[in-house]
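The lines below spell out each chain.
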Amino acid sequence: MMEKKQLSYENLSKYRNVLMGVQIVLIIAFHFSGDAYYVRDSRIIQLFYKYIRSSGVDMFLLLSGIGLYFSWKKRPEAKRFYIKRYTRILIPYFIVAIPSWLWLDIFYEHQGWGAFLQDLFFVTFFTEGERWFWYIVMAAFCYWVFPHIFNIIESAADRVSAQMRILLLCVMSTVILVMLQLYNNELYNCIGIALLRIPAFLIGVLIGKAVYEKQKILRSRIYLTAVLAIILAWPLQFVGIKILGTYTLAYLNYALMMLFILVLEYLSARKSLGQKIYRVITSVFGWFGKYTLELYLTHVAVRLVMKRFEFPTYRISGEALLVIISIILSIIISRMTDYIQKKVVKY
């Protein structure tokens, strides 16, 4: 009887691709809502832009932390780990970013090769807050520190100690953010968008340990988490507070993600219609989950080009065309990346 009231953390691994697919769809919807927010008088767009926003990025990092934990646990070799992870993000990045920055810096804005190189290698992210492909910097940083985070968790005496260590790291990360905001606001405005996501990644690594150890979570705790997240976001309006607002949205997204897993588990246990709905949901979002990085890169790149030519990306029809182009380019880039990794990169 007790088993029916529990959910295994293993489900986060079981549905990882599906959840990643959900989050990339939310990111695409966020970009659309950002364009449409000040143009279209839509209650749905306004609610989405306020209560979901870019929290999908936090869930990307949380789910990445889970995947990295399994990868390192299976084969803890630093050289292989870094080569595999960095080629996985840098190959598609350069495939997309080189022509994108060439077009923008050299041909469209005529800023010259110096600007092109600074943008391509993220110098302007730190000096000017250029955020076109900022997630790549964040992912690269997370890969770099991951083995150290893993050791911090694994060397803990027990589960509570591991949780306290991650909590301390999250607090330290937040203190650094606050200090930057107070004493170097210019740098905070440039890199704060990335630093705000560090706690999500840290918690993801901790959850990775829970998944690996097949720990359980009470369903009542999931419901309580969802209620608390909604209270923080809506009646208390924590979403409007700097730093804390980002954490609140990530917490709300995580709670909704766990509820989504419960729905999937319920559908999978049903017959006929329930099973069909389950297969459709997992197939569609699972497909998107295979191309999350490529979709992110192509979607933000094509969107900016369209906006420079005053294409109405705030319209649903415009967004639909943008998504179709992004999907086609993502498939091509994914195959190019796989080919390069197999033929050139050895790990």
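Refer to the structure presented above.
Residues numbered from 1 in each chain as written. Predicted model: local features only at pLDDT ≥ 70, side-chain atom pairs only at ≥ 80, totals over all residues. Heavy atoms only, no water.

Participant: I tried to follow the overall build of the chain on my own but got confused; where do I start?
Facilitator: Secondary structure assignment for the chain yields 16 helices and two strands. Relative to its length of 347 residues, the chain is compact, with a C-alpha radius of gyration of 21 Å against a globular reference of 20 Å. For the chain, buried positions account for 51% of its 347 residues. Look at the contacts in the chain between residues 6 or more apart in sequence, and 75% of them connect residues 24 or more apart. Within the structure as shown, the chain displays about 17,900 Å² of accessible surface, and the carbon and sulfur contribution to it stands at 65%. (Helix = DSSP H or I, 4+ residues; strand = E, 2+ residues; numbered from the N terminus. Rg over C-alpha atoms; globule rule 2.2 N^0.38 Å. Buried < 20%, exposed > 50% of the residue type's maximum accessible area, 1.4 Å probe, protein only. Contact = heavy atoms within 4.5 Å. Areas by Shrake-Rupley, 256 points an atom, 1.4 Å probe, with all protein chains shown as cover.)

Participant: I tried to follow the pattern of salt bridges on my own but got confused; where do I start?
Facilitator: If charged atoms from side chains of opposite charge come close, those side chains can pair. Summed over all chains, the structure comprises eleven salt bridges. When the shortest N-O distance is used, the salt bridge between Arg75 and Glu77 registers 3.3 Å. The class of Glu77 is partly exposed, set by a relative accessible area of 38%. Measuring nitrogen to oxygen at the nearest pair gives 2.2 Å for the salt bridge that ties Arg303 to Glu319. Taken as a pair, Arg303 in helix H15 (residues 292–308) and Glu319 in helix H16 (residues 316–343) lie far apart in primary sequence, 16 residues in all. Given a relative accessible area of 8%, Glu319 falls into the buried group. Here the salt bridges share partners, and the residues they tie into one network are Asp35, Arg303, Lys307 and Glu319. (Salt bridge = Lys/Arg side-chain N within 4 Å of Asp/Glu carboxyl O.)

Participant: Which parts of the structure should I look at to understand the nonpolar core?
Facilitator: Nonpolar side chains in soluble globular proteins generally cluster together in the buried interior. Within the largest apolar cluster, 94 residues are counted, with the highest numbers of intra-cluster contacts made by Leu12, Tyr93, Trp101 and Phe133. Looking at this core element by element, the count peaks at 13 residues for helix H8 (residues 134–154). If sequence neighbours within four positions are ignored, Leu12 has contacts with Leu19, Ile66, Ile207, Val211, Met257, Met258 and Ile261. With eight residues, the next largest nonpolar core counts Ala226, Ala233, Val239 and Leu249 among its residues. (Core = buried A, V, L, I, M, F, W, Y, C linked by side-chain atoms within 4.5 Å.)

Participant: Hey, could you run me through the packing of H8 against helix H11 (residues 198–212) in this one?
Facilitator: Packed helices, taken two at a time, are described by the angle between their axes plus the distance between the axes. At a closest axis distance of 10 Å, the pairing of H8 and H11 adopts a crossing angle of 45°. Here H8 lies oblique to H11, going by the angle between them. Considering how the two elements wind past one another, H8 and H11 form a crossing that is right-handed. In this structure, H8 contributes Met138, Phe141, Cys142, Val145, Phe146, Ile149, Ile153 and Glu154 to the contact, and H11 contributes Ile198, Phe201, Leu202, Val205, Leu206 and Lys209. (Axes fitted to C-alpha atoms, helices over the stretch in contact; angles between N-to-C directions. Parallel < 35°, antiparallel > 145°, perpendicular 65-115°, else oblique. Left-handed = near helix turned anticlockwise from the far one by under 90°.)

Participant: Any chance you could explain the packing of helix H13 (residues 244–268) against helix H14 (residues 273–289) here in plain terms?
Facilitator: Packing of H13 against H14 brings their axes to within 7 Å, and their N-to-C directions diverge by 135°. Between H13 and H14, the interaxial angle falls into the category oblique. Facing H13, whose interface residues are Phe260, Leu264, Leu267 and Ser268, H14 presents Gly274, Gln275, Ile277, Tyr278, Ile281 and Thr282. When grouped by side-chain class, the residues that make up the contact of H13 with H14 number six nonpolar, four polar and no charged. (Nonpolar A, V, L, I, M, F, W, Y, C, P; charged D, E, K, R; others polar.)

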